[in-house]
Amino acid sequence: MKSLVLGAVLTVLVLAAALLSFAWTPGDVTSVDIPARLQPPSVQHLLGTDHLGRDMLSMIMTGARTSLAVALVAVGIGMGLGVPLGLAAAARQGGWLDETIMRFNDLVFAFPSLVIAILVTALLGPGAINAILAIGIFNIPVFARLTRGAALPLWHREFILAARTAGKSALRISVEHILPNTMNLLIVQGTIQFSLGILAEAGLSYVGLGAQPPIPSWGRMLADAQTMVALAPHVAIIPGTAIVLTVLGLNLLGDGLRDRLDPRLQGRAA
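Let me begin by describing the structure that accompanies this report. For clarity, every value in this text was computed on a predicted model and none was experimentally measured. (Residues numbered from 1 in each chain as written. Predicted model: local features only at pLDDT ≥ 70, side-chain atom pairs only at ≥ 80, totals over all residues. Heavy atoms only, no water.)

**Looking at the packing of aromatic side chains**
Moving on, step 1. Tallied over the entire structure, the rule returns one aromatic pair.
Moving on, step 2. Relative to Phe138, the ring of Phe109 has its centre 5.8 Å away and its plane inclined at 90 degrees; by these criteria the two rings are edge-to-face. Taken together, the residues Phe109 in helix α3 (residues 96–109) and Phe138 in helix α5 (residues 128–154) connect sequence positions 29 residues apart.
Moving on, step 3. Judged by its relative accessible area of 18%, Phe138 falls in the buried class.
Moving on, step 4. Taking the ring centre of Phe22 as reference, the NZ or CZ of Arg65 above it sits at 4.5 Å. (Phe/Tyr/Trp six-rings, centres within 6.5 Å; stacked < 30°, edge-to-face > 60°. Helix = DSSP H or I, 4+ residues; strand = E, 2+ residues; numbered from the N terminus. Buried < 20%, exposed > 50% of the residue type's maximum accessible area, 1.4 Å probe, protein only. Lys NZ or Arg CZ within 6 Å of the ring centre and 35° of its normal.)

Given below as structure tokens:
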């Protein structure tokens, strides 16, 4: 499971950097040192300095904390609301509740996720909290549709019919039988949405609608560096590489988990 191992390693490294930033960073991300601006990587500054003389390694570590926190909470919102909606829609297949939930999903999917995020943050104002809300709103129909699609075939299985014959309610069946049998798909989709959440947070910060100064953000680091690429390429390459490696690690982790958790793929590989 090379993809699973590589994805896990990349994800753990980013997570470790984010956690370490709570206790230690090589420099102060709020300290401005203009004479040291745009320095290339050196012994003193392993990844160089930005246009304000701040240590780039410190900015990357603290920015990882911001990106991971925003994406994680947004995915939590999507799963926390989307999964119950999907289970309810599957339990009431063809009813008014199912139709209402699915039409809401269609309405949200009619707009690109970044457009929805920009609209929400433009209405409520820029900031990390509003970025979480914007990304979380788009995650809700993703998990609702996935959960409904995975749950519908289960409602016709023999063990579900036996549970209904035993007098269990639809809510109890959904919690005790349907949800556990869809968790593998939800875990894999969660890693994918996590990576997409990091990209969305970077995009919002890039246009000035994400985390605001002095909170470091990979997207805003790219925005600040776009006019200085010719003078100091590292100020753009480093945050861009951090985003790519993090998203790559999460996608590989998701692919590896899918291969590991899906018995059909295991049987095919065997």
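**Here we look at helix α1 (residues 2–23)**
Moving on, step 1. In this model α1 runs 32 Å from its N-terminal to its C-terminal C-alpha over 22 residues, within 8% of the 32 Å that 1.5 Å per residue would give.
Moving on, step 2. In this structure, the buried residues of α1 make contact with α2 (56–91), α9 (218–225) and α10 (234–261). (Expected span 1.5 Å × (residues − 1). Contact = heavy atoms within 4.5 Å.)

**With respect to unusual backbone geometry**
Moving on, step 1. Looking along the chain, the bond that leaves Pro213 and enters Pro214 is cis, with omega of 10 degrees.
Moving on, step 2. Inspection of the secondary structure puts Pro214 in the loop between α8 (183–206) and α9.

**Description of the side chain of Asn105**
Moving on, step 1. The topology assignment puts Asn105 in helix α3.
Moving on, step 2. Overall, the relative accessible area of 0% leaves Asn105 in the buried class.
Moving on, step 3. Apart from residues no more than four positions distant in its own chain, Asn105 is found in contact with Pro141, Ala144 and Arg145.

**What to know about the environment of Pro40**
Moving on, step 1. By the secondary structure assignment, Pro40 is in the loop between α1 and α2.
Moving on, step 2. Sequence separation between Pro40 and Val235 is 195 residues, and the spatial gap between their C-alpha atoms is 8.9 Å.

**Side note on the nonpolar core**
Moving on, step 1. Formed by 33 residues in total, the largest nonpolar core has its most connected members in Ile178, Phe194, Ile198 and Trp218.
Moving on, step 2. Counting residues per element, the ones that place at least two in this core are α1, α2, α5, α6 (158–165), α7 (170–178), α8, α9 and α10.
Moving on, step 3. It is α2 that contributes the most residues to this core, ten residues altogether.
Moving on, step 4. Here Ile178 is in contact with Leu87, Ala151, Leu154, Trp155, Ile160 and Ile173, once residues within four sequence places are set aside. (Core = buried A, V, L, I, M, F, W, Y, C linked by side-chain atoms within 4.5 Å.)

**Focus on a nonpolar patch on the surface**
Moving on, step 1. On the surface, Leu114, Ile118, Tyr206 and Val207 cluster together into a nonpolar patch covering about 340 Å² of accessible area.
Moving on, step 2. The residue Tyr206 is located in helix α8 in this model.
Moving on, step 3. Judged by relative accessible area, which is 39%, Tyr206 ranks as partly exposed. (Patch = residues over 30% accessible without salt bridge, like charges linked within 9 Å, V, L, I, M, F, W, Y side chains within 5 Å. Areas by Shrake-Rupley, 256 points an atom, 1.4 Å probe, with all protein chains shown as cover. Salt bridge = Lys/Arg side-chain N within 4 Å of Asp/Glu carboxyl O.)

**Here's the deal with the side chain of Ser205**
Moving on, step 1. By the secondary structure assignment, Ser205 is in helix α8.
Moving on, step 2. Of the polar contacts made by the side chain of Ser205, one reaches the side chain of Ser217; its length is 2.8 Å.
Moving on, step 3. For Ser205, the residues in contact, after removing those within four places along its chain, are Gly210, Ala211, Ser217, Gly219 and Arg220. (Polar contact = N/O pair within 3.5 Å; in protein donor to acceptor, adjacent residues only side chain to side chain.)

**Some points on the environment of Arg164**
Moving on, step 1. Within the secondary structure, Arg164 is located in helix α6.
Moving on, step 2. Residues contacting Arg164, with those up to four places away along its chain left out, are Trp155 and Ile173.

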